[in-house]
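So you can see what is in the structure, the chains are spelled out below.
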Amino acid sequence: MKLHNRGVRQDVRELGALLGDVLKEQTSTESFETVEELRQAAIAYREGDIDSRDELRSTFEQLSPSEEGDVARAFATYFELINLAEERERVRAVRKGSQEGTLDDSLHDTVEALSEAGADTETVRQVLDDVLIEPTFTAHPTEARRGTVKAKLRSIARHLETLDSQRLTDREAEDVWQDIDAEVTSLWQTRQVRQRPPEPQDEARNVQWYLENTLFDVVGEVYSEFEEIVTDEYPDIDLPKLFEFRSWAGSDRDGNPYVTVDVTDETLRTQRDIVLERYRTQLKRLSAVLSQDGDRYPTTGAFQASLEADLDQFPAITEEAEERYPDEPYRQKLRLMRERLNRVDDVRPGGYESDDQLLEDLETVDASLRAYGGGDIAEAFVEPLLRQVSTFGFSLASLDLRDHRIQHTKAIDEVLAEEGIEYRERDEEGRVELLTDAILQDEPIIDPENPGDVSEVAEKVMQRFVKLGDWQEEFGVEAIDTYCISMTEEPSHVLEVLFLADQVGAVSLPDHAGLDIVPLLETESALNGADRIMGTLFENEAYKQALQARNNTQEIMLGYSDSNKENGFLAANWDLYKNQKRLAEITNNYDVTMRLFHGRGGSISRGGGPMNKALLALPNETVTGQVKFTEQGEAIAEKYGNERIAERNLEQMLDAQIRARHNALQEPIEEVPDEWAEAMDTMATAARSAYRDLLETEGFVSYFEQATPITVIEDLNLGSRPASRSEDRSVEDLRAIPWVFSWTQSRCILPGWYSLASGVEAYLDDGGEMETLREMYDEWAFFRTTFDRAALSLTRTDLEIADEYASLADAELREEFQPRLENEYEAAVDYAAEITDREDLVRRSWLDESLERRNPYVDPLNLLQTHLLSQTHLTEAEERTLRLTVNGIAAGMKNTG
């Protein structure tokens, strides 16, 4: 059976030709010819037909500011269109693999692996009961495109799908291409670069779009497919809840003064409105199906009792329902269910008080249908809605609050001072003792609503906690039940949040704790001090009671981004691995269930890469079944912008987590040979030293500023929060995202590989064997995943282009740093090839094709960017073009930070 009408090469060729036509129409033939000259010269150099890029440089030097803008826009738009073509190719691959049964990491593979491992029904039931996957969408500013641009691209993507998957007449196909032509023309005429930073509400709406328009529908499909597959092998299995979605957009205050209580309030309200409207729509759809004749098909007693209770409660609606749907009991019930949804936020009585009540009604309908010959109908129409309500509740995505620990300490110090209590001057032990006593006593000791004469910081913290109680009362505890503390270094930083929650009634021990309090361990000192931090908390009487009220589950967040920026790629990954094992040991010793929250970014250096591989590479003892991880920026669009790709991502996550949990049950402790651990210790120590030496060498910050477009990126209006934590010009102060973004733009993806070679070399110089490293790569998932991710960063690095950026730096800085980067890169390439025992660093044919397709088109944007960066003064038009090159390169590299 032929599934598709087109291929990626045809899409690329025809979209490229269409863009050329638009370029001629919207600018001039001369501009089109200039772009063609640059494109052909870039290809000729890549293919070895010419010896240098002088022809490209010469062309840029002759262009007017207006022509520069046309060139930047042409290449940036090309990449936006090519990304759509490659997305379409991914969909083709998924559909073809699904049809042929050749997809790796499929749900069929999951069940087959369990069966071959000898897992019985009870074991499978335990694994599934343990598993809960919680993707958490953040508002971190790594999405370079405007929302308007993304909307136009999604429209073009839908037209490509029509061409690819439907049998069209010539006239119908011409009509579709006419629409694509119009959209591309509109895209060309649309401003690509934001004129203002997005507001937190914009970021929240962005996340909500993916939840509402993709994931809401896809989740039910994943459950339906998996249930069908698993019950073929294990008939007695009932699937529990396996997914839950969470968000930081509109609630993450760390470093973002614009996220206020009003923003969070609006976010909660909007998300509830969205999900309730989706349920109303689904119930209307269900009503069109459930038209059973009540005279011929009876209903269960439970259904009849439920219907009569609703009929009694809503007499006006009852009359309408009975007149419109005589002798159609299911339709009557669904009409009354819609009325209860209408009254969720209404002053009128009778609305659902929680999603549990809606679930109960749906389960009653489901059971009644199955009892009287409607099992297929229930499976096809009611079961998916049950899964949607179970997953999204009345909140769409639960919000996590987050703030920097300094804010809480400052606020508590000030409000306690108003009560005559010293806090800041106490040592850690004294702070812990004071906070514990205050939490355990019955009466509050501060008035958060009237904190007294305190700073704006303290007032905002108090206001937030007061509102927390209001939010939980109005929207339900599950709508906003997690508080993450950035840069946690001490037990008191966690107890401070527990104290504040206690003072507003969100916590009332020993019976109620409305918050999971989550320490974010992201610095070397915090990770290495995890025993002390968590051990102190687990032995603390107040915190023990809070844990018991939260099912004795402790969520701990690991920061990949700042850990990498502080220690370098190899050392950071080894620290994270070791400390995950230590955290598992600590929580196990205290009989606490651990839920790890992986603060991953989109780039390799910030923990990015295939999520299924990452889940399978976690130490067995950390795999309790529950897992949480951040999704952000362009990674959200790439994973969840298309329904089939989103479904595939969820399937791969589920496959990996089920396998990982089963492995952990079979082998609770991952035994790592001492020789391997010692090798990693040696490599990580040397790698950290080499990385820190680079960053601490005098002049490095100046080199970074001169040899990357960091100053442009800081002004790009990517996100609502500032790029730096303060006005200091230091690597430490710079946020991890612009740090990675800047190196990615210059094609020197240093954060993903620098000091890797130094680490390997130190191990070999210390008597280590290359054969041992190969053995580690073949047999140890952590080591293999780490090196594969580094290899991907090495593959995407282009030192020739990086040299173009290095030439912008002062001569003495260039001579000091560029050779160091080049030597480390070349050694890393050699070592990676030797350890993995393959010539190609990345064994992915699609990636080779993609890079071959993209590189000749990214090169002109890089050269135009360096040309503009080299100017001492830029016109307003040139400034716009410079920012546009950043967008274009980000689209070409398919990555920012």
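Below you will find a few notes about this structure. (Residues numbered from 1 in each chain as written. Predicted model: local features only at pLDDT ≥ 70, side-chain atom pairs only at ≥ 80, totals over all residues. Heavy atoms only, no water.)

**Things to note about the overall build of the protein chain**
And then number 1: When you go through the protein chain residue by residue, the secondary structure sums to 38 helices and 10 strands.
And then number 2: The C-alpha radius of gyration of the protein chain comes to 29 Å, within 12% of the 29 Å expected for a compact globule of 897 residues.
And then number 3: For the protein chain, the C-alpha atoms occupy an extent of roughly 85 × 80 × 60 Å along the three principal directions.
And then number 4: Buried residues in the protein chain amount to 60% of all 897 residues.
And then number 5: The long-range share in the protein chain, meaning contacts at least 24 apart out of those at least 6 apart in sequence, stands at 82%. (Helix = DSSP H or I, 4+ residues; strand = E, 2+ residues; numbered from the N terminus. Rg over C-alpha atoms; globule rule 2.2 N^0.38 Å. Buried < 20%, exposed > 50% of the residue type's maximum accessible area, 1.4 Å probe, protein only. Contact = heavy atoms within 4.5 Å.)

**Observations regarding the packing of helix H1 (residues 8–26) against helix H8 (residues 170–189)**
And then number 1: Put simply, H1 and H8 touch, their axes get as near as 10 Å, and they point 55° apart. In terms of orientation, H1 and H8 fall into the oblique class. Considering how the two elements wind past one another, H1 and H8 form a crossing that is right-handed. Where H1 approaches H8, its residues Glu14, Leu15, Leu18, Leu19, Val22, Leu23 and Gln26 are matched on the opposing element by Trp177, Ile180, Asp181, Val184, Thr185, Trp188 and Gln189.
And then number 2: In terms of residue class, the contact of H1 with H8 is made up of nine nonpolar, three polar and two charged. (Axes fitted to C-alpha atoms, helices over the stretch in contact; angles between N-to-C directions. Parallel < 35°, antiparallel > 145°, perpendicular 65-115°, else oblique. Left-handed = near helix turned anticlockwise from the far one by under 90°. Nonpolar A, V, L, I, M, F, W, Y, C, P; charged D, E, K, R; others polar.)

**Structural notes on the packing of aromatic side chains**
And then number 1: Scanning all chains against the criterion turns up 35 aromatic pairs.
And then number 2: Judged by centre distance (6.5 Å) and plane angle (20°), the ring pair of Phe700 and Trp743 falls under stacked. Of this pair, Phe700 sits in helix H29 (residues 700–707) while Trp743 sits in helix H31 (residues 736–745), and the two are 43 residues apart along the sequence. The same class applies to Phe700 as to Trp743, namely buried.
And then number 3: Among the aromatic residues, those joined into a cluster by ring pairs are Phe137, Phe216, Tyr223, Phe243, Phe245, Tyr279, Phe392, Phe394 and Tyr640.
And then number 4: In this structure, Lys24 packs its charged tip against the face of Phe32, placed 4.6 Å from the ring centre.
And then number 5: Against the face of Phe597 rests Lys628, its NZ or CZ located 4.5 Å from the ring centre. (Phe/Tyr/Trp six-rings, centres within 6.5 Å; stacked < 30°, edge-to-face > 60°. Lys NZ or Arg CZ within 6 Å of the ring centre and 35° of its normal.)

**Comments concerning the pairing of strand E8 (residues 553–559)**
And then number 1: Buried residues dominate E8, accounting for seven of its seven residues.
And then number 2: The pairing of E8 with strand E9 (residues 593–599) spans seven bridges and is classified as parallel. By the bridge assignment, Thr553 is partnered in E9 with Thr593. (Pairing = 2+ DSSP bridges.)

**Brief notes about the pattern of salt bridges**
And then number 1: All told, the structure shown has 79 salt bridges when counted by the stated rule.
And then number 2: One salt bridge connects Asp481 with Arg246, and the closest N-O pair in it is separated by 2.5 Å. Taken together, the residues span a long stretch of sequence, with Asp481 in the loop between helix H18 (456–475) and strand E4 (482–486) and Arg246 in strand E2 (residues 246–247) at a distance of 235 residues.
And then number 3: Overall, Asp481 belongs to the buried group, its relative accessible area being 10%.
And then number 4: For Arg246, a relative accessible area of 3% translates into the label buried.
And then number 5: Members of the salt-bridge network, linked through shared partners, are Glu134, Lys241, Glu244, Arg246, Asp400, Asp481, Asp516, Arg550, Glu555, Arg595 and Lys628. (Salt bridge = Lys/Arg side-chain N within 4 Å of Asp/Glu carboxyl O.)

**Considering the packing of helix H11 (residues 301–313) against helix H12 (residues 315–324)**
And then number 1: Interaxial distance between H11 and H12 falls to 6 Å at its minimum, and their mutual angle equals 120°. With respect to H12, the element H11 is oriented oblique. On H12, the residues that touch Asp310, Leu311, Asp312 and Gln313 of H11 are Pro315, Thr318 and Glu322.

**What about unusual backbone geometry?**
And then number 1: The peptide bond linking Leu509 to Pro510 adopts the cis configuration, its omega dihedral lying at 10°.
And then number 2: Within the element layout of this structure, Pro510 appears in the loop between strand E5 (507–508) and strand E6 (512–513).
And then number 3: Of note, the phi angle at Leu396 is positive, near 70°, even though the residue is not glycine.
And then number 4: Its place among the elements puts Leu396 in the loop between helix H15 (375–392) and strand E3 (398–404).
And then number 5: Owing to a relative accessible area of 0%, Leu396 belongs among the buried residues under this scheme.
And then number 6: Phi is positive for Arg747, close to 65°, though the residue is something other than glycine.
And then number 7: Mapped onto the fold, Arg747 is located in the loop between H31 and helix H32 (756–765).

**A few points about a negative patch on the surface**
And then number 1: A surface patch of negative charge is lined by Asp674, Glu675, Glu678, Glu769, Glu775, Asp778, Glu779, Glu826, Asp830, Glu834 and Asp837.
And then number 2: Broken down by secondary-structure element, the contributors of at least two residues to the negative patch are helix H28 (674–696), helix H33 (770–779) and helix H36 (811–836).
And then number 3: Assignment of secondary structure puts Glu779 in helix H33. (Patch = residues over 30% accessible without salt bridge, like charges linked within 9 Å, V, L, I, M, F, W, Y side chains within 5 Å. Areas by Shrake-Rupley, 256 points an atom, 1.4 Å probe, with all protein chains shown as cover. Lys, Arg positive; Asp, Glu negative; His and termini not counted. Charge placed at Lys NZ, Arg CZ, Asp CG, Glu CD.)

These figures come from the coordinates and say nothing about function on their own.
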